[in-house]
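# Examination of the molecular architecture
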Amino acid sequence: MTNKYGILLVSHVEEITDGLLKLLDQVAGDVSIKTAGGTENGEIGTNFEKINQVLNAFEEEKILAFYDLGSAKMNLEMAMEYSDKEITLYETAFIEGSYVAASLLQADVDIEVIEEQLKPLIVKE
Amino acid sequence: MSMIEKVSKWIELFGEKVTQNKETLNKLDTAIGDGDHGSNLTRGAAAIREKAEETTYDNLSKLFQDVGMTLVSKVGGASGPLYGSAFIEMAKKAKETEDIGEILEAGLNGIQKRGKAEVGEKTMVDEWAPVIDHIKSGSFTDEIIQESLQNTKEMKATKGRASYLGDRSIGHIDPGAQSSAYFFEALLDSGVLDDE
């Protein structure tokens with residue numbers, strides 16, 4: 001299966017994105033999921049350049065992005081402005097939102113339906 | 001001194017102030033945030049110093065742009081994108097004018113666009129907004145900097161990491177307002193405003 005959507009996970013902590021990726025891979029082994037966790041030196045935080053590099057590494061042109069806390073969003077939004085890809089940022093609970101998106105993408109569900117399912121999971125803003 | 005020399009001095013002094021006060025900023029941030037504001041800005045200041053040493057600037061816009069991009073790339077946390085966005089917007093404005101009030105106002109718009117904060121939410125915006133008003137009306141003094149800073153103490157945070165604390169954020173000076181106070185103290189000391 002080749003999916004035209006990729007999923008980006010951004011967290012302040014590398015182990016969080018690693019762990020979440022492990023969880024998502026279990027239900028969505030064919031979905032392209034990439035992570036930007038922690039700063040460039042693996043410390044707590046998020047980094048514009050790291051997110052930028054991960055975005056560029058996607059073959060997919062359309063990305064669903066999920067994040068943990070506010071400053072991750074700021075760096076993510078900056079990277080989105082500098083990227084040519086079509087990126088949608090979801091203000092959902094980090095784990096639940098990315099889990100729903102990944103498992104439904106795996107099942108070839110339409111993006112409109114996925115977004116509908118994500119709506120009740122919005123907890124930010 | 002030329003305008004560009006004064007602005008370079010301003011940025012250098014800002015770097016010195018955040019570096020000297022790294023622990024103060026970390027401590028303020030420990031109370032209501034994640035405790036790394038001083039460390040993050042100190043890292044940014046070092047990167048800016050390095051960049052400045054290897055570059056000669058002949059226009060303000062390029063100088064602001066480089067500072068902005070350095071902050072965005074080297075400083076984690078919220079302060080990188082926030083200060084970075086400020087400088088990047090200041091760089092754009094500096095192509096049209098040398099008026100510091102107008103340039104700073106563009107910077108504030110950059111911060112607000114990035115952080116979505118309004119006045120009164122206990123953020124750096126609460127330092128920038130009143131200071132810029134006073135710069136524009138020609139009544140800017142050190143007292144304005146300190147007064148605006150103290151005003152953040154009684155505010156309840158509704159943006160940023162401190163907002164998770166709710167009422168418990170009251171009674172603490174906002175670390176972003178404190179580093180912004182250093183930024184404006186450096187502006188006063190640099191002589192950038194003297195010719196105006």
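Residues numbered from 1 in each chain as written. Chains lettered and ligands numbered in written order. Predicted model: local features only at pLDDT ≥ 70, side-chain atom pairs only at ≥ 80, totals over all residues. Heavy atoms only, no water.

Within this structure's numbering, the places UniProt gives as "domain: PTS EIIA type-4" (unreviewed entry) are residues 4-125 of chain A. For residues 4-125 of chain A, the end-to-end C-alpha separation is 28 Å, with 48% helix and 20% strand making up the annotated structure. (UniProt positions renumbered as here; feature names shortened; annotations may be inferred. Helix = DSSP H or I, 4+ residues; strand = E, 2+ residues; numbered from the N terminus.)

A full pass over the atoms with the stated rule returns one cavity of 30 Å³ or more. What the largest cavity holds in volume is close to 50 Å³. As for the largest cavity, its lining consists of Thr39(A), Glu40(A), Asn41(A), Thr46(A), Asn47(A), Arg43(B), Lys74(B), Val75(B) and Gly76(B). Considering only residue class, the lining of the largest cavity consists of one nonpolar, five polar and three charged. (1 Å grid on protein atoms, 1.4 Å probe; cavity = no way out; pocket = protein on both sides within 12 Å on 5 of 7 lines; lining within 4 Å. Points joined across faces, edges and corners; volume = space filled by probe spheres on them. Nonpolar A, V, L, I, M, F, W, Y, C, P; charged D, E, K, R; others polar.)

Taking the numbering used here, the UniProt-annotated feature "domain: DhaL" (unreviewed entry) corresponds to residues 5-189 of chain B. In this annotation, residues 5-189 of chain B is assigned 69% helix and 0% strand; the end-to-end C-alpha distance for the span is 13 Å.

Turning our attention to the nonpolar core. Residue and element names in this part refer to chain B. If you look at the biggest cluster of nonpolar residues, it comprises 55 residues, and the most contacted ones within it are Trp10, Phe64, Leu104, Trp128 and Leu187. With eight residues, helix 1 (residues 3-20) is the largest single contributor of residues to this core. Discounting chain neighbours no more than four positions away, the residues touching Trp128 are Tyr83, Ala86, Met90, Leu104, Gly107, Leu108, Ile111, Ser180, Phe183 and Phe184. (Core = buried A, V, L, I, M, F, W, Y, C linked by side-chain atoms within 4.5 Å. Buried < 20%, exposed > 50% of the residue type's maximum accessible area, 1.4 Å probe, protein only. Contact = heavy atoms within 4.5 Å.)

Attention now goes to a nonpolar patch on the surface. A surface patch of nonpolar side chains, amounting to about 240 Å² of accessible area, comprises Leu23(A), Ile95(A) and Tyr99(A). Within the element layout of this structure, Leu23(A) appears in helix 1 (residues 14-27). (Patch = residues over 30% accessible without salt bridge, like charges linked within 9 Å, V, L, I, M, F, W, Y side chains within 5 Å. Areas by Shrake-Rupley, 256 points an atom, 1.4 Å probe, with all protein chains shown as cover. Salt bridge = Lys/Arg side-chain N within 4 Å of Asp/Glu carboxyl O.)

Our focus in this paragraph is the layout of surface pockets. Space inside the largest pocket adds up to approximately 940 Å³. In this structure, the largest pocket is lined by 41 residues; those nearest its centre are Met74(A), Ala78(B), Lys159(B), Gly160(B) and Arg161(B). Taken together, the elements giving at least two residues each to the lining of the largest pocket come down to helix 3 (70-82) of chain A together with helix 2 (22-32), helix 3 (37-53), helix 5 (79-93), helix 6 (100-115) and helix 9 (175-190) of chain B. With five residues, helix 3 of chain A is the single largest residue contributor to the lining of the largest pocket. Split into classes, the residues belonging to the lining of the largest pocket amount to 14 nonpolar, 13 polar and 14 charged. In this structure, the second largest pocket occupies an estimated 320 Å³ of space. As for the second largest pocket, its lining consists of 21 residues, and the residues nearest its centre are Ile11(B), Glu12(B), Ile48(B), Arg49(B) and Ala52(B).

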